[in-house]
Amino acid sequence: MRRSIYLTLLLQLLNQTSFSIIFGPVTFQRRPVLRQLGSMVASTTSLISSSPHSVDAFSSISQNVPTSKNVPKMSTEQSDAKNVAYRAFAMDVMGEKIPVAMWYQINNNQEVERVLPSAKYLHRISVRRIGELLARWDFVPQFVAKNYQLKPTLNNVFDGTSVPVPSSGPVVLFAHGYLGSRFDLSHIAEALAQDGFICLSAEYPESLAASYAVKEDLDRATITNQLLTELTSSWGVSKPTSFGIVGHSLGTGTVITTGDNSWARVCLAGFPRRPNTGRAVTQNALYISSMNDGAVSPGRFGGASAVPSEFSLLEELNIPQPIPKQSMLLVDRPDAPNHISFLTNGVNDSMINLLSPLLPVAEALKIPVLDFDKYQVSKDSDATARLVIPLVKQYLKEQMKAK
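None of the values given here were measured: they were computed from a predicted structure.

Conventions adopted
Residues numbered from 1 in each chain as written. Predicted model: local features only at pLDDT ≥ 70, side-chain atom pairs only at ≥ 80, totals over all residues. Heavy atoms only, no water. Helix = DSSP H or I, 4+ residues; strand = E, 2+ residues; numbered from the N terminus. Buried < 20%, exposed > 50% of the residue type's maximum accessible area, 1.4 Å probe, protein only. Contact = heavy atoms within 4.5 Å. Areas by Shrake-Rupley, 256 points an atom, 1.4 Å probe, with all protein chains shown as cover. Pairing = 2+ DSSP bridges. Axes fitted to C-alpha atoms, helices over the stretch in contact; angles between N-to-C directions. Core = buried A, V, L, I, M, F, W, Y, C linked by side-chain atoms within 4.5 Å. Right-handed = clockwise from strand over helix to strand, strands pointing away. Salt bridge = Lys/Arg side-chain N within 4 Å of Asp/Glu carboxyl O. Parallel < 35°, antiparallel > 145°, perpendicular 65-115°, else oblique. Left-handed = near helix turned anticlockwise from the far one by under 90°.

**Points about the overall build of the protein chain**
Part 1 of the reasoning: From N to C terminus, the protein chain includes eleven helices and 14 strands.
Part 2 of the reasoning: Residues counted as buried form 52% of the 403 residues belonging to the protein chain.
Part 3 of the reasoning: A fraction of 73% describes how many contacts in the protein chain between residues 6 or more apart in sequence connect residues 24 or more apart.
Part 4 of the reasoning: Put simply, the protein chain shows about 18,800 Å² of open surface, and 50% of that area lies on carbon and sulfur atoms.

**Considerations on the sheet that holds strand β14 (residues 326-331)**
Part 1 of the reasoning: Strand order across the open sheet formed by ten strands is β7-β3-β4-β9-β8-β10-β11-β12-β14-β13, with mixed pairing between neighbours. One side of each edge strand has no neighbouring strand; the edge strands of this open sheet are β7 (157-159) and β13 (312-314). When the angles between neighbouring strand axes are averaged without regard to direction, this sheet yields 25°.
Part 2 of the reasoning: With three bridges joining them, β13 and β14 adopt parallel strand pairing. Of the residues in β14, the one forming a bridge with L313 is M328.
Part 3 of the reasoning: Across the sheet, helix α6 (residues 220-233) touches β3 (84-93), β4 (96-105), β8 (168-175), β9 (198-202) and β10 (239-248), and the angle it forms with β3 is around 120°.

**Quick word on the nonpolar core**
Part 1 of the reasoning: Judged by nonpolar contacts, the single largest core of 68 residues is most densely connected at W103 and L396.
Part 2 of the reasoning: Among the nonpolar cores identified, the runner-up in size contains 42 residues, and M91, F271, V281 and F311 belong to it.

**Notes on unusual backbone geometry**
Keep in mind that most residues, glycine aside, have a negative phi and that most peptide bonds are trans.
Part 1 of the reasoning: For the peptide bond that leads from Q321 to P322, omega is -5°, which places it in the cis range.
Part 2 of the reasoning: Positionally, P322 belongs in the loop between β13 and β14.
Part 3 of the reasoning: Phi angles above zero are rare outside glycine, and S249 is one such case at about 60°.
Part 4 of the reasoning: In this fold, S249 is placed in the loop between β10 and α7 (251-257).
Part 5 of the reasoning: The backbone of A269 sits at a positive phi, close to 60°, despite the residue not being glycine.
Part 6 of the reasoning: By secondary structure assignment, the location of A269 is in the loop between β11 (264-268) and β12 (285-290).
Part 7 of the reasoning: Assessed through its relative accessible area of 1%, A269 is described here as buried.

**A look at helix α4 (residues 127-135)**
Part 1 of the reasoning: Along α4, the residues that are buried comprise V127, R128, R129, I130, G131 and A135.
Part 2 of the reasoning: Where α4 ends, the next residue or the one after it, R136, has phi of about 60°, a positive value.

**Digging into the pairing of β10**
Part 1 of the reasoning: Of the strand pairs in this sheet, β8 and β10 are connected by eight bridges, and their pairing is parallel. Of the residues in β10, the one forming a bridge with G169 is P240.
Part 2 of the reasoning: A crossover links β10 with its parallel partner β11, the connecting element being α7, and its sense is right-handed.

**A short note on the pattern of salt bridges**
Part 1 of the reasoning: Scanning the model with the defined rule gives nine salt bridges in all.
Part 2 of the reasoning: A salt bridge links E96 to K215; the shortest N-O distance between them is 3.2 Å. On the criterion of sequence distance, the pair formed by E96 in strand β4 and K215 in the loop between β9 and α6 is long-range, its members being 119 residues apart.
Part 3 of the reasoning: With its nearest N and O atoms 3.0 Å apart, the salt bridge here joins E203 to R182. Here R182 lies in the loop between β8 and α5 (186-194) and E203 lies in the loop between β9 and α6, a separation of 21 residues in the sequence.
Part 4 of the reasoning: For R182, a relative accessible area of 14% puts it in the buried group.
Part 5 of the reasoning: One network of salt bridges, with partners in common, ties together R128, R129 and E132.

**Some points on the environment of F311**
Part 1 of the reasoning: Structurally, the position occupied by F311 is in the loop between β12 and β13.
Part 2 of the reasoning: Overall, F311 belongs to the buried group, its relative accessible area being 5%.
Part 3 of the reasoning: For the pair F311 and T282, spaced 29 residues apart in sequence, the C-alpha to C-alpha distance is 9.5 Å.
Part 4 of the reasoning: Dropping the residues within four chain positions of it, F311 is found in contact with P272, V281, Q283, A285, Y287, Q326, S327 and M328.

**Notes on the packing of α5 against helix α11 (residues 381-400)**
Part 1 of the reasoning: At their nearest, the axes of α5 and α11 sit 10 Å apart, and the two run at 45° to each other. The pairing of α5 with α11 is recorded here as oblique in orientation. Seen from above, α5 lies across α11 with right-handed handedness. Contact residues: α5 offers H187, I188, A191 and L192, while α11 offers A385, V388, I389, V392, K393 and L396.

**Overview of the environment of F342**
Part 1 of the reasoning: Relative to the helices and strands, F342 resides in the loop between β14 and α8 (345-355).
Part 2 of the reasoning: Taking the C-alpha atoms as reference points, F342 and D380, separated by 38 residues in sequence, lie 8.6 Å from one another.

Right under this line is the structure:
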């Protein structure tokens, strides 16, 4: 009933006398734009209504969406592969419940597959939050959202509710980007957890999940600081041996501003210069970026020639051991990753599933779509992971001295 009321109000709005509104520097006539938007919202609402509950990880989607050619899926069929536990936590920050995802190694692998259920990631996409952050729209109904149950990338990630969290070990935080989610880099977290890292990913205010209200002063630093407190006081990791942090896009700023000089840092889809001043980043960090990134383009800074002299420019087919503490891999080839190629396949598939009907509206209004349009064609999350994960693992092991 509430959905019908919202759509009725929207249609009445579309029938009002047209007048101009401004989206950034471009002027549009409200009536034709909102008429098209109304059609898209209606079709998206219909899609959500037809499947009101969480769905499993795209068994229906995979039949209609082709995967990248000649890209083998990641597997954990090796007999020596360690099993991984996944836990979902929530912490109280300024009166809001902030979701946190955690991955860690299961020490006793015997009969785990028979005893523990497979993990599922409860993922949500809010079209209202996307409209608010990208176009300052405040008229999209709250119900235009969808819940998903994503499968882990690896086959041996289990529900860790009954699995004790290690009291000691190397800790790696993950920082998602603008309109990202705590599951964006879950494939990297799973791979690191297999090797003994304790990985945590919080939902930040810019998340497309919109799990909590955005408040003044409830920022990334506040959430990260509380996460580190909860980690040692409430979640059982009383003796972290070292710290690292991995971030994507906007999350690379979180990477650079978190921790002290002892922290290991990895930045995906970023550039080792400050965006406002152009000054070189001084912290030790590994950057992995692509010249095909249409959202955070390295070309905006000057490309390879603008990489600070303190940073070693790596060659994709000739990665040194050890990797220099300040390094950058700048992928520059015709099939190089785009901005969201760095994210896990399940997260990207869910965006395709829900947001594809809205892409024509975004393109008509010249709203930035963070390379979503490119990814619809490339679908190269798996291929990008084959490049990124071994490099991230090697760098963090070297910098954090993890066994």
